[in-house]
Amino acid sequence: MPRKKPFSNKQKKKQLQVKRGKKRGETGSSHSSRNASLERGPGRDRQSDTSDSETTDIKRINQQPGTRDGRYDPNRFRLHFERESKEEVEKRKKIAMKKILKPVAEKELEMDINQIFPEEKGLDFPRRPLWNYDMRREELLRREEKSFMEYLDILQSKNPPGTLSHFEHNLETWRQLWRVLEMSDVILLIVDIRHPVLQLSPALYHYITVELKKHIILVLNKVDLSPAPLVLAWKHYLTKQFPHMQCVGFTSHPGQPYSTLLQKKRVRKKAGWNQVGGPFHIMRACQEITAGRVDLNSWEKKIQRDAVAVGTEGDRADDGSESVLMEYHSDVAMEMNSPTQELYKDGILTLGCIGFPNVGKSSVLNSLVGRKVVSVSRTPGHTKYFQTYYLTPTVKLCDCPGLVFPSQVDKQLQILAGIYPVSQLQEPYSSVGYLCERTDFVSVLKLKHPNYSPENPREPDTQDWTAWDVCEAWAEKRGYKTAMAARNDVYRAANSILRLAIDGRLCLCLRPPGYSQSKDEWESHPDLSEIIALQGRKEEEDVCGDREDDDGESSSELEEDNYRGDDEDAYGDDEDDTVKANKKGLTLNMFSVLGENECE
């Protein structure tokens, strides 16, 4: 018998993928062309599922195991970012170990949107090429891939290597955005109030309002994590920059004590969706836009009904008395969607929820529905494929996977905004340094310098800190040790600090231009009470509160439980952001990190 040829695992994997593609009805050209859209540069992607001859410098994030029957590929819409070189990673690591941290001025926290998206750099987003119903599916896919490759070439020709931040290189995810924009009547553009200018692309605004001639409602999510004067300042600034857009505030956790958000997963699941702040404002904005062309009375009645159903959310979700009608769209139906869809077809308002990863799109959708219909996670890129849900017989919601648009923001700030998964970072220390230079980290984290000793005490203010020192001190405080040598696990400590920032426990809020000079004006603005009411807070609330739950566990202990196995979307609620915090314009949840029982 002839000797068998060696057959590698990589070849076997490719063979299985071809079989799965045939079961899904895909041709060989479409599957290979999808991978071909990711061929950029000379670097080899170790996680790539393409052939040996293909090279790319794209890093695929959050690999998921495939299904046995091959009908659905869970990795089809995962995040694709440019891979950083080892030399660049090592360089930043050395800087983090040596660079002395110096506090930046308050004015450095002010961010103009023209700094993030300069017009001369051509920071556009890929558009869907023209097509007609006479085209075959394979021809349409090839056109889209060719257009996407040309877009990347033009973008990189105008921006030298290293000047652009992380942005999405997965064509499949951009295709989701194209379909959602085409089928939606009104776009809900959701941003995080802590850094809204990072997540609002002027090119997207121009495309929706001018080319598609559709309306945008900007949802400023997580307003409970920012001081009320700052929320108001951002709302006025964004309205002035984008006049054809309505701004509304939103929060899924209004007025809750911070300790409740640090409880375990089984407790947080029972949070009442009927107490969220913002659905009424979104409904009013839609009424102004539709101008009576869609009957939204059923939506208004639903909001009123949910508002009075306090305490019954858990029972109602379990018995299924209010089922939610969901629509699933096949690839062919999405690819051949009509480019000239009429608005409010059949008297139904379709709302498309779009935005960057980790801004809370799924949480907003769940809050509007009144129950959990979309799984949420703190991990960016959790939503893989869009689905539509009927909020009422005349209102339909559509959730789109998160998309990162090209910009010129610092990559460290991108990580603190939750755009890049912390668990995938090779070098988190520079991001920790970026955070510490803009927050009072020593008093908030209660750190002792690693060089501190009782025999040679020095004043804490005289110690020079580096990002590495901060991580080492936090590892010592939290007891993070390596498995073999029992040294301080600085990498785990750095990830822990970054998660505190992303979840709102160590909150870094950017500010609009000129905020420092006009802070007194915003603190006495007549519309401030409306923002405080939306946040669910009262003027008589005390800044200092009890930080222990019914079992006597401190927030510090519960925090560790959250990081070990909880994937629920639980960004921290800023309990210290009361009227006192609003007046001072604080950007830190000063006592929410360690769960102190006394205010200092």
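You'll find the structure just up there.
Residues numbered from 1 in each chain as written. Predicted model: local features only at pLDDT ≥ 70, side-chain atom pairs only at ≥ 80, totals over all residues. Heavy atoms only, no water.

Turning our eyes to something else, we now look at the overall build of the protein chain. Within the protein chain, the secondary structure is distributed over 24 helices and nine strands. Within the protein chain, contacts between residues separated by at least 24 positions form 79% of all contacts whose residues are at least 6 apart in sequence. (Helix = DSSP H or I, 4+ residues; strand = E, 2+ residues; numbered from the N terminus. Contact = heavy atoms within 4.5 Å.)

Counted according to the given criterion, the structure contains 11 aromatic pairs. Measuring from centroid to centroid gives 4.9 Å for Tyr429 and Trp468, while their planes differ by 50 degrees, and the two rings are tilted. Of this pair, Tyr429 sits in helix 17 (residues 429-436) while Trp468 sits in helix 19 (residues 467-478), placing them 39 residues apart in sequence. The exposure classification of Tyr429 matches that of Trp468, with both residues buried. Residue placement shows Arg438 over the ring face of Tyr434; its charged tip is 3.6 Å from the ring centre. (Phe/Tyr/Trp six-rings, centres within 6.5 Å; stacked < 30°, edge-to-face > 60°. Buried < 20%, exposed > 50% of the residue type's maximum accessible area, 1.4 Å probe, protein only. Lys NZ or Arg CZ within 6 Å of the ring centre and 35° of its normal.)

The term disulfide refers to a covalent linkage connecting the sulfur atoms of a pair of cysteines. As enumerated under the stated definition, the model contains zero disulfides in all. Of the cysteine sulfurs around Cys286, a residue in no disulfide, the closest is that of Cys353, at 9.9 Å. Cys400 provides the cysteine sulfur closest to Cys398, a residue in no disulfide bond, and the two sulfurs are 6.9 Å apart. (Disulfide = S-S within 2.5 Å.)

Under the defined criterion, the tally for this structure stands at 23 salt bridges. Between Glu84 and Arg92 there is a salt bridge, with the nearest N and O atoms lying 3.1 Å from each other. In this structure Arg92 comes out as buried when scored by relative accessible area, which is 18%. Among the salt bridges present, the one from Glu476 reaches Lys481, with a minimum N-O distance of 3.3 Å. (Salt bridge = Lys/Arg side-chain N within 4 Å of Asp/Glu carboxyl O.)

The next subject is the packing of helix 17 against helix 20 (residues 490-503). Interaxial distance between helix 17 and helix 20 falls to 9 Å at its minimum, and their mutual angle equals 45 degrees. When the axis of helix 17 is compared with that of helix 20, the two are oblique. Crossing hand, helix 17 versus helix 20: left-handed. Along its contact with helix 17, which presents Tyr429, Ser431, Val432 and Leu435, the element helix 20 presents Val490, Tyr491, Ala494, Ile497, Leu498 and Ala501. Taken together, the residues that form the contact of helix 17 with helix 20 break down as nine nonpolar, one polar and no charged. (Axes fitted to C-alpha atoms, helices over the stretch in contact; angles between N-to-C directions. Parallel < 35°, antiparallel > 145°, perpendicular 65-115°, else oblique. Left-handed = near helix turned anticlockwise from the far one by under 90°. Nonpolar A, V, L, I, M, F, W, Y, C, P; charged D, E, K, R; others polar.)

As a further point, take the pairing of strand 4 (residues 215-221). Of all seven residues that make up strand 4, six are buried, and the element is covered over most of its length. Direction of pairing for strand 3 (residues 186-192) relative to strand 4: parallel, over a ladder of seven bridges. Within the sheet, the bridge partner assigned to Asp192 lies in strand 4 and is Asn221. Note on the crossover from strand 3 through helix 7 (residues 202-211) to strand 4: the handedness is right-handed. Crossover strand 4 to strand 5 (residues 245-249) through helix 8 (residues 228-241) is right-handed. (Pairing = 2+ DSSP bridges. Right-handed = clockwise from strand over helix to strand, strands pointing away.)

Among the secondary structure elements, Phe242 is positioned in the loop between helix 8 and strand 5. Along the primary structure Phe242 and Leu218 are separated by 24 residues, whereas in three dimensions their C-alpha atoms are 10.0 Å apart. Not counting residues within four places of it along the chain, the set of residues in contact with Phe242 comprises Ile113, Leu200, Pro202 and Tyr205.

All right, on to helix 22 (residues 528-535) then. Among all positions in helix 22, only Leu528, Ile531, Ile532, Leu534 and Gln535 are buried. Here the buried residues of helix 22 occupy an arc of 160 degrees about the axis, which is enough to place them on one side. Once helix 22 ends, the next one or two residues include Gly536, with phi positive near 75 degrees. (Arc of directions from axis to C-beta.)

This brings us to the side chain of Lys361. The residue Lys361 is located in helix 15 (residues 361-369) in this model. No salt bridge forms around the buried Lys361; measuring N to O, its nearest opposite-charge neighbour Asp399 is 5.7 Å away. Setting aside residues no more than four positions away along its own chain, Lys361 makes contact with Ile190, Cys353, Ile354, Gly355, Phe356, Asp399, Cys400, Pro401 and Gly402. (Lys, Arg positive; Asp, Glu negative; His and termini not counted.)

Across the six residues that make up strand 8 (residues 387-392), a large majority, five, are buried. Sheet topology places strand 8 next to strand 9 (residues 395-399); five bridges connect them, and they run antiparallel. The residue of strand 9 that forms the bridge with Tyr389 is Leu397. In this structure, the hairpin formed by strand 8 and strand 9 is closed by a connection of two residues.

Relative orientation of the contacting elements helix 19 and helix 20 amounts to 95 degrees, with a least axis distance of 8 Å. By the angle between their directions, the pair helix 19 and helix 20 is classed as roughly perpendicular. Between helix 19 and helix 20, the residues in contact are Trp468, Val470, Cys471, Glu472, Trp474 and Ala475 and Val490, Ala493, Ala494, Ser496, Ile497 and Leu500, respectively. In terms of residue class, the contact of helix 19 with helix 20 is built from 10 nonpolar, one polar and one charged.

Glancing now at the environment of Asp73. Topologically, Asp73 is positioned in the loop between strand 1 (58-60) and strand 2 (80-82). Taking the relative accessible area as the measure of exposure, Asp73 reaches 28% and is therefore partly exposed. Distance from Asp73 to Gln17, taken between C-alpha atoms, is 9.7 Å for residues 56 residues apart in sequence.

In this model, Lys222 sits at a positive phi of 65 degrees, which is unusual for a non-glycine residue. Looking at the secondary structure, you find Lys222 in the loop between strand 4 and helix 8. For Lys222, a relative accessible area of 2% translates into the label buried.

Just geometry here; none of it tells us what the structure is for.
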